[in-house]
Amino acid sequence: MTGPVRNFLTVDIEEWFHVCGVGGVLAPDRWPTLPSRVEFTTDLTLDLLTRHGVTATFFVLGWIADRHPRLVERILQAGHEVASHGWAHRRVFELDEESFAEELTRTNATLEEAGAPRPIGFRAPEWSINDRAPWALAVLARAGFRYDSSMSPLRLVGNPRYLQVPHRHETAYGTLVEVPPLVGRRLGQQFPLGGGWGLRMSRPATVIREIEARNRRGEPVTLFMHPWEIDPQPPRVTLPWPLRFSHYFRLSGFAERLDDILAHVAFGPIGDWVLKGCGV
Ligand SMILES: [Zn+2]
């Protein structure tokens with residue numbers, strides 16, 4: 001790779017109630033009745049990034065873009081990349097090829113209606129392009145996507161053997177660049193240092209040190225966050241473990257820790273990097 005190494009901040013735009021695999025009060029048919037927080041919390045996220053002059057990749061759910069098209073406009077106006085997080089926050093391995101392709105088409109159309117250029121990047125809900133859905137990469141390439149950021153090198157949601165650096169997948173429909181999230185090592189296990197509970201519990205200095213070490217090796221790092229993680233008054237419902245942990249553990253003070261990381265690390269959108277040839 002030539003030139004300065006850049007890192008990627010990615011934001012999954014969804015509501016606090018878009019939790020995979022739960023029914024009851026958070027079942028999809030209840031979503032329209034639940035209090036929406038996404039505009040408020042995404043605006044907080046946009047303010048945070050503007051303060052640091054950081055541009056990011058926003059993976060937006062079609063379901064959100066349909067209800068909040070002006071929010072998509074504000075993300076674009078602030079100079080960020082809009083990419084796809086699918087339509088209804090369903091895990092890819094629960095879909096088949098046809099219904100996954102339909103979700104992609106419907107989401108692209110809705111994002112484009114809201115003013116976004118046609119998305120070239122995709123992130124699956126809950127990192128659900130894994131060994132249970134290996135067919136999904138070809139579906140993405142066939143639909144015109146250029147990169148994917150859905151394969152986590154973690155045991156619970158992905159596979160610890162997945163590569164930790166951006167790399168290429170060759171599919172029957174062309175090449176897709178895979179951009180995995182940062183993972184760290186703790187007590188002999190890989191954990192999500194780049195986002196979720198792992199990032200929320202980590203000291204900013206630890207995260208920055210790890211990013212700098214990887215950048216020295218020429219590797220870009222991908223962090224991920226959700227607007228609901230910086231909600232000062234997050235609505236709470238009782239979730240089963242480990243969802244309770246991944247959704248609620250150490251939300252307090254997260255915006256400040258993120259502030260510290262953004263002040264020390266250079267970030268840019270994934271899409272620009274891929275379109276410029278990205279060197280992987
Ligand atoms: Zn999501």
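Residue numbering note: each chain is counted from 1, following its sequence as written. Residue-level local features of this predicted model are given only where pLDDT is at least 70; pairs of side-chain atoms are given and counted only at 80 or more, and the full residue set underlies all totals for whole chains, interfaces and linings. Hydrogens are left out, water is left out, and the side-chain values use all remaining heavy atoms of the structure.

Could you give me a rundown of the overall build of the chain, with the residues and numbers involved?
Each helix and strand counted, the chain has 10 helices and 10 strands in total. Here the globule rule is a power law, 2.2 Å times the number of residues to the power 0.38, and the radius of gyration is based on C-alpha atoms. Relative to its length of 280 residues, the chain is compact, with a C-alpha radius of gyration of 17 Å against a globular reference of 19 Å. If you line up the chain on its principal axes, its C-alpha atoms span 50 × 45 × 40 Å. Working definition: with a 1.4 Å probe on protein chains only, accessible area under 20% of the residue-type maximum means buried, over 50% means exposed, and in between means partly exposed. For the chain, the proportion of its 280 residues judged to be buried stands at 55%. The contact definition used throughout considers only heavy atoms, calling two residues in contact when any of these lie within 4.5 Å. When contacts within the chain are restricted to residue pairs at least 6 apart in sequence, long-range pairs at least 24 apart make up 75% of them. Note on areas: these come from Shrake-Rupley sampling with a 1.4 Å probe, and a residue is covered only by the protein chains present in the view. About 12,300 Å² of surface is accessible on the chain, with carbon and sulfur atoms providing 51% of the total. Put simply, DSSP marks the helices as runs of H or I at least four residues long and the strands as runs of E at least two long, and each gets a number from the N terminus on.

Please provide a residue-by-residue account of the environment of isoleucine 75, values included.
Mapped onto the elements of the fold, isoleucine 75 is located in helix 3 (residues 69–77). When its relative accessible area of 0% is taken as the criterion, isoleucine 75 is described as buried. Spatially, the C-alpha atom of isoleucine 75 lies 14 Å from that of arginine 51, the residues being 24 residues apart in sequence. In this structure, isoleucine 75 is in contact with Ile13, Thr42, Leu46, Phe58, Val60, His80 and Val82, ignoring residues within four places of it in sequence.

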